Amino acid sequence: MSAEEPLLRVEDLRVEFPTEDGIVHAVDGITYQVHRGRTLGIVGESGSGKTVASMTTLGLTRGQGAHVSGRILFEGRDLVALSDRELRAIRGNDIAMVFQDPLSSLHPFYRVGAQLVEAVRAHRDVSRSMARERAVELLGLVGIPDPSRRVDDYPHEFSGGMRQRAMIAMALANEPKLLIADEPTTALDVTVQAQILALMERLQRELGMAIVIITHDLGVIAEVADDVAVMYAGRIVETASAELIFSGPEHPYTWGLLKSIPTLDTPRERELVPIPGTPPSLINPPSGCHFHPRCPYAQPDHSIIDPFLEPAPGEPDHHVACLLAAEVRRRLWAQLRVGRTPAAALAEVGLPLAPPISDPSGLGGARA
Amino acid sequence: MSASPAADPGSAFGEEREHGSTAPSTGAVPGEPLVQVRDLVKHFPITQGIVFQRKIGAVQAVDGVSFEVKRGETLGIVGETGCGKSTTARLIMRLLEATSGEVRFDGQDITHLKGSRLKAVRREMQMIFQDPYSSLNPRKTVGSIIAEPFVVHGLERGKDQRKGAVQALMETVGLNPEHYNRYPHEFSGGQRQRIGVARALALKPKLLIADEPVSALDVSIQAQVLNLLRDMQRQFGLTLIFIAHDLSVMRYMCDRVAVMYLGKIVEIGAGDPLYAFPRHPYTGALLSAVPVADPSASPSERRLLSGDVPSPASPPSACRFHTRCPKAKERCSIDEPLLEDKGTGTQAACHYPLTREELVAMGVRFPAMNAPPADG
């Protein structure tokens with residue numbers, strides 16, 4: 001990674017929501033950076049804080065009574081400290097966002113063109129007709145056929161893939177430096193997903209913007225991301241280049257994600273290795289390492305000590321928040337990658353088995 | 001249209017399949033398929049007017065589908081939104097009335113069964129739904145949800161007996177039997193899907209249809225449910241129809257796979273040859289579009305399908321894929337291709353099937369080619 005100043009630098013960001021049941025620690029002290037022209041993939045399950053972290057970048061959690069601490073430096077300016085008005089000048093202009101569900105993010109009563117014109121005129125002092133020309137140009141850029149006609153369609157006249165293209169067009173209206181895409185392809189079919197991912201890659205090449213893509217799909221990450229951050233229960237547990245996340249992952253949660261989904265070449269007779277249990281409550285997150293109750297490799301003191309994101313030995317751009325020694329982690333992964341079970345890997349490395357999860361269903365009740 | 005699996009090409013690949021072979025199903029005729037679907041058609045009318053509704057068209061959700069499901073096997077149906085895969089499942093379950101065609105279950109034509117005879121057949125087939133949040137009644141306890149099939153069919157009478165049966169089921173699917181009196185909201189998504197599986201297994205069905213059973217679940221939970229379904233299939237000798245849009249999950253779970261596009265099966269065959277050497281350009285496009293969790297293997301020159309799926313209310317003529325097919329020629333819009341054996345282990349409905357060179361150029365990997373041949 002280059003030594004130049006990153007475009008976006010998030011430092012020890014915490015976001016908490018007070019609720020009737022207690023304080024939800026949605027984002028629990030995360031630090032990451034996004035470099036110009038590169039793509040950061042944030043992977044995590046629902047409730048891992050990946051969406052809240054990105055929405056906070058745009059100030060979209062402000063109206064919800066969230067307590068935000070830490071710094072979000074965008075080109076050197078701290079977005080957390082900006083006033084609503086200053087932030088509005090950046091949002092949709094320098095930083096734009098694409099949401100998961102394109103149908104509910106477009107207003108059903110207004111023509112697609114009118115919504116694009118609004119996005120352009122919110123930040124540019126241009127005439128309506130010029131903004132409309134820009135809208136047609138944008139629809140063409142994202143690959144909508146016959147854009148000068150389709151600009152007057154309503155969102156319901158677009159298919160799912162076209163709506164997502166329209167959303168991307170809207171995000172690109174002011175040539176943002178940073179595009180945040182939150183599960184941009186989750187609602188789409190595979191063939192359309194492939195089109196949208198290819199479109200995002202092409203636009204990044206042409207416009208040179210940085211992208212943060214949030215997804216739960218490791219396949220999507222492998223396709224588009226340069227760097228990856230894995231989130232679990234409000235914390236980043238591992239960051240590395242995309243190659244390294246797949247070839248030499250060091251966090252047990254990352255291993256779990258990689259080993260629990262079948263790929264096109266998983267032998268059918270091999271059992272999948274699910275991650276036991278369920279994601280924890282963010283009101284009372286587990287003590288110590290948040291992952292320890294579900295971790296097959298957890299040792300007794302892992303429920304007491306908080307792990308920090310630390311560089312992996314010999315890999316300066318690879319950071320892991322795990323209390324196991326790096327050498328142990330690498331020996332474990334060497335066993336897992338050839339298809340051994342966690343128990344077999346532990347025996348090989350000579351570590352005791354973690355105590356089984358207390359709930360006999362192996363799933364943990366939803367009791368908070 | 002003959003989709004006879006008699007010449008099941010899967011056997012050539014020597015797949016070992018312990019599960020299913022020991023099916024304890026009652027009165028099973030070995031070798032006879034459990035489900036036979038012939039020329040199944042379902043058109044939903046599009047009407048206009050309020051009082052005098054005139055039919056102005058039809059959504060051709062399923063349009064002439066034929067296949068068989070053998071006892072103990074898992075048939076996957078894969079396709080994009082609106083291709084008719086869920087409608088096909090609902091037609092087999094008799095949750096929808098077919099416009100024409102025939103569904104045979106266990107040798108019996110069930111397409112027009114009514115009343116008590118339909119109820120008797122329904123005992124033998126159960127369904128698991130996609131959304132574990134909306135498919136469980138929030139006002140009922142888990143115990144009464146799982147006991148519902150017993151109530152409907154008047155089985156396991158007596159309070160204690162019913163409770164015992166329900167708790168045994170909960171144990172089987174990996175739920176804590178003590179949670180009998182809890183409500184669905186107290187369970188996580190993965191656990192709820194287990195409740196759905198327990199309910200489906202209550203009547204010891206022969207056929208289980210799972211409609212996107214894991215797509216609403218978190219990644220770390222999906223494997224738990226997939227493993228559970230495989231265990232249950234082995235344990236109870238179930239025949240499974242597995243509907244999904246995820247090709248990786250499909251390959252892992254299914255013995256044979258049917259690919260649907262706009263209400264028709266475009267390719268069907270055993271999993272290994274279908275994934276190793278898909279012949280229909282649509283199957284190839286689907287496979288090439290799957291994101292691979294391996295950055296070094298990402299095909300740089302993948303061939304993307306252009307455009308979207310056309311409306312099933314006015315599907316393209318002849319081969320329905322010809323509007324998006326990179327290989328389409330004039331003949332494809334005039335002369336409808338039929339499902340026929342392409343000599344590589346699958347049946348495809350295509351005049352100009354893919355060649356090996358084209359597949360390599362599309363960046364489709366050949367997982368079965370790398371896998372060690374299974375013996376036995």
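From a predicted model like this one, the values you see are computed outputs, not experimental measurements.

## Structural notes on the overall build of chain A
(1) Moving on: Along the backbone of chain A there are 13 helices and 12 strands.
(2) Moving on: With respect to the three principal axes, the spread of C-alpha positions in chain A is 70 × 45 × 45 Å.
(3) Moving on: Every one of the 368 residues in chain A was classed for burial, and the buried ones make up 51%.
(4) Moving on: Considering only intrachain contacts with a sequence separation of at least 6, the fraction spanning at least 24 residues in chain A is 64%.

## Quick notes on the nonpolar core
Soluble globular proteins tend to bury their nonpolar side chains together.
(1) Moving on: Within the largest apolar cluster, 206 residues are counted, with the highest numbers of intra-cluster contacts made by L116 and L178 of chain A together with I146, A198 and V259 of chain B.
(2) Moving on: Ignoring sequence-local partners within four residues, the contact set of I146 of chain B consists of V166, L169, M170, I195, A198, R199 and A202 of chain B.

## Points about the sheet that holds strand β2 (residues 54-69) of chain B
Either a parallel or an antiparallel arrangement is found when strands of a sheet pair, and the pairing is made through backbone hydrogen bonds.
Residue and element names in this part refer to chain B.
(1) Moving on: Strand order in the open sheet formed by four strands is β2-β1-β4-β5, and the pairing between neighbours is antiparallel. The two strands at the open ends of the sheet, each matched to only one other strand, are β2 and β5 (108-109).
(2) Moving on: Examined bridge by bridge, strand β4 (residues 100-105) and β5 share two bridges and lie antiparallel to one another. Residue F105 lies in a different strand from β5, and its bridge partner there is Q108.
(3) Moving on: Strands in contact with helix α1 (residues 85-92) are β1 (35-48), β2 and β4; relative to β1, the strand with the most contacts, it is inclined by about 115°.

## Focus on the confidence of the model for chain B
Residue and element names in this part refer to chain B.
(1) Moving on: This prediction gives chain B a mean pLDDT of 85; 86% of its residues lie at or above 70.
(2) Moving on: Contacts of residues 1-27 to residues separated by more than four positions or lying in other chains number 57 contacts, the stretch itself having pLDDT below 50.
(3) Moving on: For this predicted complex, the interface confidence reaches an ipTM of 0.81, while the overall pTM sits at 0.84.

## Focus: the environment of H302 of chain A
Residues and elements named next belong to chain A.
(1) Moving on: The topology assignment puts H302 in the loop between α11 (252-260) and β11 (310-312).
(2) Moving on: With 26 residues separating them along the chain, H302 and V328 place their C-alpha atoms 15 Å apart.
(3) Moving on: In this structure H302 touches G288, C289, H292 and L323, once residues within four positions along its chain are discounted.

## Regarding the sheet that holds strand β3 (residues 39-43) of chain A
All names here are of chain A.
(1) Moving on: Reading across from one edge, β6-β7-β8-β3-β9-β10-β12-β11 is the order of the eight strands in this open sheet, with mixed pairing throughout. A strand with exactly one partner marks an edge of an open sheet, and here the two such strands are β6 (95-98) and β11. Averaged over neighbouring strand pairs, the angle between their axes works out to 25° when direction is ignored.
(2) Moving on: Helix α7 (residues 160-172) rests against β6 and β7 (178-182) of the sheet, and its axis sits at about 170° to β6.

## Things to note about the confidence of the model for chain A
(1) Moving on: When pLDDT is averaged along chain A, the result is 88; 95% of the residues meet or exceed 70.
(2) Moving on: The low-confidence segment residues 358-368 of chain A, where pLDDT is below 50, has 29 contacts with residues more than four positions distant or belonging to other chains.

## Brief notes about the interface of chain B and chain A
(1) Moving on: Facing 47 residues of chain B, the contacting portion of chain A comprises 49 residues.
(2) Moving on: With eight residues, the top contributor of residues to the side of chain B that touches chain A is helix α6 (residues 219-236) of chain B.
(3) Moving on: Taken together, the residues that form the side of chain B that touches chain A break down as 22 nonpolar, 16 polar and nine charged.

## Here we look at α1 of chain B
All names here are of chain B.
(1) Moving on: Of all eight residues in α1, six are buried; the element is thus mostly enclosed.
(2) Moving on: Among all positions in α1, only K85, S86, T87, T88, L91 and I92 are buried.
(3) Moving on: Directly after α1, the chain includes R94, whose backbone phi takes a positive value near 65°.

## Quick notes on the packing of α7 of chain A against helix α8 (residues 190-207) of chain A
Residues and elements named next belong to chain A.
(1) Moving on: Close contact between α7 and α8 brings their axes to 10 Å; oriented N to C, the two are set at 20°. Judged by the inter-axis angle, α7 sits roughly parallel to α8. Once α7 is placed against α8, the crossing between them reads as right-handed. Between α7 and α8, the contacting residues are G160, G161, Q164, R165, I168 and L172 on the first element and V192, Q195, I196, L199 and L203 on the second.
(2) Moving on: Each residue belonging to the contact of α7 with α8 can be placed in one class, and the counts come to six nonpolar, four polar and one charged.

## Things to note about the pairing of strand β3 (residues 74-78) of chain B
Residue and element names in this part refer to chain B.
(1) Moving on: Most of β3 sits inside the fold, with five of its five residues counted as buried.
(2) Moving on: Where burial is concerned, the two faces of β3 agree: the one with T74, G76 and V78 and the one with L75 and I77 are both buried.
(3) Moving on: Pairing between β3 and strand β8 (residues 239-244): five bridges, direction parallel. Across the sheet, the residue bridging to L75 is I241, located in β8.
(4) Moving on: One ladder, built from four bridges, connects β3 with strand β9 (residues 256-261); its direction is parallel. Paired with G76 across the two strands is V257, which belongs to β9.

Thresholds, definitions, all that
- Residues numbered from 1 in each chain as written.
- Chains lettered and ligands numbered in written order.
- Predicted model: local features only at pLDDT ≥ 70, side-chain atom pairs only at ≥ 80, totals over all residues.
- Helix = DSSP H or I, 4+ residues; strand = E, 2+ residues; numbered from the N terminus.
- Buried ≥ 20, exposed ≤ 12 C-beta atoms within 10 Å, placed from the backbone.
- Contact = placed C-beta atoms within 7 Å.
- Core = buried A, V, L, I, M, F, W, Y, C linked by C-beta atoms within 7 Å.
- Pairing = 2+ DSSP bridges.
- Axes fitted to C-alpha atoms, helices over the stretch in contact; angles between N-to-C directions.
- pLDDT = per-residue confidence, 0-100.
- Nonpolar A, V, L, I, M, F, W, Y, C, P; charged D, E, K, R; others polar.
- Parallel < 35°, antiparallel > 145°, perpendicular 65-115°, else oblique.
- Left-handed = near helix turned anticlockwise from the far one by under 90°.

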